[in-house]
Amino acid sequence: MHSATTRASLWVGIACLVAGQWTLSLLDTAGKLLAQAGYHVVMIAWMRYTINTVFMAVTLAPLYRHKTGRSILATRQPGLQIFRAAMLLLSTIVFFSVLKIVPLSEGTAMNFCAPLIVLAVSPWLLKEKSYPSRWVAVAVGFMGMLIVMRPGGGIVPAGVLLGAASAVIFAGVSVLSRKTNQTDHPLVTLFYGGLVGMIVSSLIVPFFWSSHMPTVREWLILASTGITSTIGHYFVNSAYKHAEASLLTPFFYLQIISATAMGWLVFHQLPDSLTALGIGIICASGMGIAYVEHRRNHPQRAGTAELPVSSGDQPQS
């Protein structure tokens, strides 16, 4: 009975994670549409964070207070939360800039190098033990990234530089997220990310405001950025209530499928065969080290068929 319950909970976690990641692909699609329509990425980020924060203030904040008896603003690390949130805003702006000039699938794949960067720096920044398997995964993942970003490929040089910067910044956000989640509830971190992003972007958005009056369609797309962001991250956070991070990691890479599908449906863009190979190498590297990490952390489960998946560590968009 316990095994059946564990298995059912795992599949609920997987379903929440996949739903969240695919919802976040809708956010990325909206950001790319708006950037191509002429809206500055700062304006898009401002709308995303403003609607996201208002939505969370109305829904998640009261729910958090009801369940814990504490304000969602109560944190043991206010400085770290604010710094992480500012980095997240920067990550959003840079990633939207990437998507403006890079196809969805390639942009998403480059961002998936962030967990590998975290593995590379974790012995120094997180004081985690280093293993040869991690360095192999990092090397293989970066080989895949080099194939995606190769000279003469489909990505312009500016896209290559921005893509690399996006992965590095997102890796920094991931490291900070690990530190904040050691003492604060993930919903607190989620809310601070939205609140600080809204405040900072509100201060700078007047300098990047578009004089173009949005059409009804563009208003709907702008509004959708905040909604899909909230729903996507809520699903992702909910996944961890049902399954541990190490078991969920491989399913993060399914977002490549949704990104490719949206790129084809909306922008009529598909990666060429060599780029697809690079994307596959990045995903294989991430899923491979996830499997190794899970076996290392759960040696008692090795060789059993208790669960249908295995894995290791993951990013959050």
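Everything numeric in this text was worked out from a predicted model, so none of it was measured. (Residues numbered from 1 in each chain as written. Predicted model: local features only at pLDDT ≥ 70, side-chain atom pairs only at ≥ 80, totals over all residues. Heavy atoms only, no water.)

**With respect to the packing of helix 2 (residues 41–58) against helix 3 (residues 60–68)**
Where helix 2 meets helix 3, the closest approach of the two axes is 3 Å, and the angle between their N-to-C directions is 35 degrees. For the pair helix 2 and helix 3, contact is made by F55, M56, A57 and V58 and by L60, A61 and P62, respectively. Along the lines of polarity and charge, the residues of the contact of helix 2 with helix 3 split into 7 nonpolar, no polar and no charged. (Axes fitted to C-alpha atoms, helices over the stretch in contact; angles between N-to-C directions. Helix = DSSP H or I, 4+ residues; strand = E, 2+ residues; numbered from the N terminus. Contact = heavy atoms within 4.5 Å. Nonpolar A, V, L, I, M, F, W, Y, C, P; charged D, E, K, R; others polar.)

**What to know about the packing of helix 2 against helix 10 (residues 216–242)**
Direction vectors running N to C along helix 2 and helix 10 enclose 55 degrees, while the axes themselves pass 8 Å from each other. Here helix 2 is positioned oblique relative to helix 10, judged by the angle of their axes. Pair helix 2 / helix 10 crosses with right-handed handedness. For the pair helix 2 and helix 10, contact is made by I44, M47, R48, I51, N52, F55 and M56 and by W219, L222, A223, T225, G226, I227, S229, T230 and H233, respectively. Of the residues belonging to the contact of helix 2 with helix 10, the class tally is 9 nonpolar, 6 polar and 1 charged. (Parallel < 35°, antiparallel > 145°, perpendicular 65-115°, else oblique. Left-handed = near helix turned anticlockwise from the far one by under 90°.)

**Considerations on a nonpolar patch on the surface**
On the surface, a cluster of nonpolar side chains totalling about 290 Å² of accessible area is made up of F55, I227, I231 and F235. The element best represented in the nonpolar patch is helix 10, accounting for 3 residues. Note that F55 resides in helix 2. Overall, the relative accessible area of 33% leaves F55 in the partly exposed class. (Patch = residues over 30% accessible without salt bridge, like charges linked within 9 Å, V, L, I, M, F, W, Y side chains within 5 Å. Areas by Shrake-Rupley, 256 points an atom, 1.4 Å probe, with all protein chains shown as cover. Salt bridge = Lys/Arg side-chain N within 4 Å of Asp/Glu carboxyl O. Buried < 20%, exposed > 50% of the residue type's maximum accessible area, 1.4 Å probe, protein only.)

**Regarding helix 6 (residues 114–125)**
Among the residues making up helix 6, those that are buried are A114, P115, L116, I117, V118, L119, A120 and S122. At the C-terminal side of helix 6, K127 shows a positive phi close to 60 degrees.

**Things to note about the side chain of R48**
Take R48: it is sitting in helix 2. The side chain of R48 is buried and forms no salt bridge, while D28, the nearest opposite charge, is found at 7.9 Å. Apart from the residues lying within four places of it in its own chain, the contact partners of R48 are L27, T92, T225, G226, S229 and H233. (Lys, Arg positive; Asp, Glu negative; His and termini not counted.)

**Here we look at the confidence of the model for the protein**
Taken residue by residue, the protein gives an average pLDDT of 83. The fraction at 70 or more is 89%. Of all the helices and strands in the protein, helix 11 (residues 245–252) carries the lowest mean pLDDT, 70, while helix 4 (residues 78–101) carries the highest, 94. Confidence drops under pLDDT 50 across residues 302–317; counting only partners more than four residues distant or on other chains, this segment forms 59 contacts. (pLDDT = per-residue confidence, 0-100.)

**Section: the nonpolar core**
Core analysis: the biggest nonpolar cluster contains 66 residues, and L17, M110, M145 and I282 have the highest contact counts within it. When residues no more than four places from it in sequence are discounted, the contact partners of M145 are M110, C113, G163, A164, A167 and I282. Formed by 12 residues, the second largest nonpolar core is a distinct cluster that contains M56, L60, I72 and L187. (Core = buried A, V, L, I, M, F, W, Y, C linked by side-chain atoms within 4.5 Å.)

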